[in-house]
Amino acid sequence: MQGFMLYTTFGRFLFATCLLLSLQTVTAQSSRNLLVQAATETQLAGYLQHNNSWVKYPAYTDRAGWDKYTGTVKDSLITNGEKYLNYQWKTIPATAYLDYERTGTRTTMEAPLNSNVNALSNLLIAELAEGNGRYMDQIINGVWAICEHSSWTLAAHLVVQKTRRALPDFNEEIIDLVSGDVGALLSWAWYFFRDEWNKVDPVIAQKIKKQITDRIVTPYLNRSNYWWQAFNAKPGATINNWNVWCNANVLVCILLVADDSVRAKGVHKTMQSVDKFLNHVKEDGACEEGPSYWGHAAGKLYDYLQVLYEATNGKVNIYNYPMVKAMGEYISRSYVGNGWVVNFADASAKGGGDAGLIYRYGEAVNSDEMKSYAAYLTKDISAGSFIFSGRDFYRTIENIKTYHAAKQTVSALSTAAYTWYPQTEFCYIRNTDFFFAAKGGFNNESHNHNDIGTFSLYYKNIPFIIDVGVGTYTRETFSSKRYSIWTMQSNYHNLPLINGKAQAFGAQYKARQTAFNNKNTFSLDIAGAYPADANIKKWSREFTLLPNGLSITDAGELTKADSATVFHVMCWAKPDIKANGKIVLQKQNETLHITYDSKKFIARYETIAVTDKRLSNVWGDEVYRLVLTAKDKSLKQLYKLQIGNK
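Counting restarts for each chain, with residues numbered from 1 along the sequence as it is written. The predicted nature of this model means local features are confined to residues of pLDDT at least 70 and side-chain atom pairs, given and counted, to a pLDDT of 80 or more, with totals for whole chains, interfaces and linings taken over all residues. Side-chain descriptors were evaluated using all non-hydrogen atoms of the structure, hydrogens and water having been removed beforehand.

### So, the overall build of the chain
- Scanning the chain from N- to C-terminus turns up 21 helices and 21 strands.
- When its C-alpha atoms are laid out on the principal axes, the chain stretches across 85 × 55 × 50 Å.
- Relative accessibility decides the category of a residue: with a 1.4 Å probe and only protein chains considered, values under 20% of the type maximum give buried, values over 50% give exposed, and everything between is partly exposed. Burial analysis of the chain (646 residues in total) assigns 61% to the buried set.
- Contact criterion: two residues are considered in contact whenever any of their non-hydrogen atoms come within 4.5 Å of each other. In the chain, the proportion of contacts linking residues at least 24 apart, taken out of those at least 6 apart, comes to 72%.
- Here the Shrake-Rupley method, with its probe set to 1.4 Å, supplies the accessible areas, and only the displayed protein chains count as covering residues. For the chain, the computed accessible surface area is about 24,600 Å², with 48% contributed by carbon and sulfur atoms. Numbering of helices and strands runs from the N terminus, with a helix taken as a DSSP run of H or I at least four residues long and a strand as a DSSP run of E at least two residues long.

Next comes the structure, spelled out in structure tokens:
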């Protein structure tokens, strides 16, 4: 990719996008090809239902059907739509796109587009619920305004155009996450309301169909080199959530809007592409991007599979494959409690997921655990918060149906004593009071942080030893400057600085000899995560979760000992350093102690101001970095820490 950056002065933007798209290399997975094995293109043509008869929702004019479908939430859907009856549709000037190039700011262009799309989604739902045409003029204004946008693609993603610029090039259509969302939303609007629009002026429905065809369907059919399609991916290339997210949207556009002559071809092409994602996902089903991305990865896979299942009348169905179920249950296993989740990579430490999506996924794969977890999430949220899913109209309309089912299900959280993901190398262990999470892996995972061997520790559902997460995305987040950001560096994870060296970025920097004893001990060698000039022969970390806390043992062998080893421990609570080798952490009326050998370490801490809103919403104004510096340098090193409630 370094050579790729040399094309233009805007190569840095291209590099940013490419990093975001996660074109990293890892060990290739076997070619499962679950979807194309389920149906050839010829078979698919026979399976696909005609005239959109697969759509299970009532027609717009079926008022009794919609009254039954919306049930007790009908009035709230209508009331919510009323907020947008006087909405002023926003334009996106050229300078909004250029602002990404000039300042690195994404929101100048993204905010007006998202505002328009969210308004339209709410208006569509309100009109379907009420059905008397009160919202129709605003809906027409909305679809018209969105069609008038020169692009539905984000400025930050347009830099893969041949121009390498952020201003939309009319010669080339780029399908990204948002353009796909918009295309799918307009496809549903066209399906439900085209007959009503034709009464006003047939050009409305014609214009929308043409825009969806020109911006989504035709480019997808004609191109096989969108990076996320993965048709040209090199062996071992990472294929992340973009694949299923974009393909799920394209599938909806093709099924609802495309002509019969290309429908089977287009749908089968999406199956071939999604198979690339399924071939890449590790058999254990973990989401290496963390819970915040589960809804866009495994969750979008479910959306895709469910629409395909319905469109083929159940003929294409891979829900019984164990990996698909494991991918779903990752979200319930990663929940700690009180809104906290295990957050490796760019994931946030808060947020349990989309309850409706989780419930439906659980139904599809026959997971009582997922359905009970979804019911748990449903307890404390309003019907509106449960139902509305922003740009994602399919999820919103599905959530209307799911809400009552989730409310009536007995809520529960996973009580698994441990969850071990042997291919992804994530390990969770829980007992009565503690929840421990740690990871191995490699330093080029999707949304990577240099964090091999890091861990988090929760006591009574309170995060004490933390993974901070990532701040608000900017141009630098996905650029060659990514690892200059403190949250990405191993020194701001719970890891040692060895011979003055932090962990390095790249697929070659990975864990060795990762193991779990299927009870309470996780171990790995992190030496391979550090550059060669760290002079590390071996560095074993062993974690054992006991009823009263966590025991950590680091055993290192160096070929040279140039600098003292420094251990970093990220804390939510302010450390109180005692003289007797004990550090006290107090948070929310609970207390933990970190015990260390004061003969071997000098302890201090640093206060880190949290100024980024995305992070301060989680942690408040400050977090703390505990720094334990070894007093001696030696070729063989052995260190122990105890973190417990006694």
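Having seen the structure, we can now continue with the description.
### Side note on the sheet that holds strand 17 (residues 582–587)
- Any two strands are treated as partners once DSSP identifies two or more bridges connecting them. Spatially, 11-12-13-14-21-18-17-16 is the arrangement adopted by the 8 strands of the open sheet, whose pairing is antiparallel. Taken across any chain shown, the strands that pair with only one partner, and hence form the sheet edges, are strand 11 (512–516) and strand 16 (576–577).
- With 6 bridges joining them, strand 17 and strand 18 (residues 590–595) adopt antiparallel strand pairing. The residue bridging lysine 582 from the neighbouring strand is threonine 595, located in strand 18.

### Digging into the packing of aromatic side chains
- Under the pairing criterion, centres of Phe, Tyr and Trp rings, with the six-membered ring standing for Trp, must be within 6.5 Å; the plane angle then separates stacked pairs below 30 degrees from edge-to-face pairs above 60, leaving the rest tilted. All told, the structure shown has 52 aromatic pairs when counted by the stated rule.
- Consider the rings of tryptophan 66 and phenylalanine 192, whose centres lie 6.0 Å apart with planes at 65°: the pair is edge-to-face. Taken as a pair, tryptophan 66 in helix 4 (residues 63–70) and phenylalanine 192 in helix 10 (residues 177–200) lie far apart in primary sequence, 126 residues in all. Grouping residues by exposure puts tryptophan 66 and phenylalanine 192 together as buried.
- Plain terms: the ring middles of tyrosine 596 and phenylalanine 601 are 6.4 Å apart, the flat faces sit at 70° to each other, and that makes the pair edge-to-face.
- Look at phenylalanine 601 and you get buried, because its relative accessible area is 3%.

### A word on the side chain of threonine 378
- With respect to the helices and strands, threonine 378 occurs in helix 18 (residues 368–378).
- Residue classification places threonine 378 among the buried residues on the basis of a relative accessible area of 1%.
- Not counting chain neighbours up to four residues away, the residues in contact with threonine 378 comprise Ala355, Phe386, Tyr403, Ala406 and Lys407.

### What to know about the side chain of serine 551
- You can see serine 551 is positioned in strand 14 (residues 549–558).
- You can call serine 551 buried: its relative accessible area is 13%.
- At a separation of 3.2 Å, a polar atom in the side chain of serine 551 contacts the side chain of glutamine 642.
- If sequence neighbours within four positions are ignored, serine 551 has contacts with Glu542, Phe543, Thr544, Leu641 and Gln642. A 3.5 Å cut-off defines polar contacts: any pair of N or O atoms within that distance qualifies, except that in protein one atom must be a possible hydrogen donor and the other a possible acceptor, and neighbouring residues in sequence count only when both atoms are side-chain atoms.

### Overview of the confidence of the model for the chain
- Summing up the model confidence of the chain, the mean pLDDT is 93 and the portion of residues at 70 or higher is 95%.
- Note on residues 1–28: pLDDT under 50 across the span, and 68 contacts to partners over four residues away in sequence or across chains. Looking at any residue, its pLDDT shows the predictor's confidence there, from 0 to 100.

### Re helix 7 (residues 107–130)
- Any helix carries an expected span of 1.5 Å times its number of residues minus one. Helix length check: helix 7 (24 residues) gives 34 Å between terminal C-alpha atoms against 34 Å at 1.5 Å per residue, within 8%.
- Most of helix 7 sits inside the fold, with 18 of its 24 residues counted as buried.
- Positive backbone phi, approximately 80°, marks glycine 131, located one or two places after helix 7.

### Considering the layout of surface pockets
- In this structure, the largest pocket occupies an estimated 1,300 Å³ of space.
- Looking at the largest pocket, it is lined by 43 residues, and the ones nearest its centre are Trp245, Tyr293, His296, Tyr473 and Arg614.
- Put simply, the parts of the chain that give the lining of the largest pocket at least two residues each are helix 7, helix 10, helix 12 (241–257) and helix 14 (291–294).
- Sorting elements by how many residues they give to the lining of the largest pocket places helix 7 first, with 5 residues. Cavities and pockets are found on a 1 Å grid laid over the protein atoms alone: a cavity is a set of points where a 1.4 Å probe fits but cannot escape, a pocket is an open set with protein on both sides within 12 Å along at least five of seven lines, and a lining residue has an atom within 4 Å of such a point. Grid points are joined across faces, edges and corners, and a volume is the space filled by probe spheres set on the points.

### Structural notes on the pattern of salt bridges
- A pairing counts as a salt bridge when a side-chain nitrogen of Lys or Arg comes within 4 Å of a carboxyl oxygen of Asp or Glu. Under the criterion given, the structure shown has 35 salt bridges.
- Residue aspartate 260 pairs with arginine 263 through a salt bridge whose shortest N-O separation is 2.2 Å. On the criterion of helical spacing, the pair formed by aspartate 260 and arginine 263 is a turn pair, its members being 3 residues apart in helix 13 (residues 260–280).
- Connected through shared salt-bridge partners, Lys56, Glu310, Arg360, Glu398 and Lys401 make up one network.

### Let's talk about helix 20 (residues 393–407)
- Across its 15 residues, helix 20 extends 21 Å between first and last C-alpha, which sits within 8% of the 21 Å expected from 1.5 Å per residue.
- Where helix 20 bends most, at lysine 401, the angle is about 40°.
- Turning to helix 20, its buried residues are Phe393, Tyr394, Arg395, Thr396, Ile397, Glu398, Asn399, Ile400, Thr402, Tyr403 and Ala406. Bend at a given residue is defined as the angle between two axes, one fitted to the seven residues that end at that position and one fitted to the seven that begin there.

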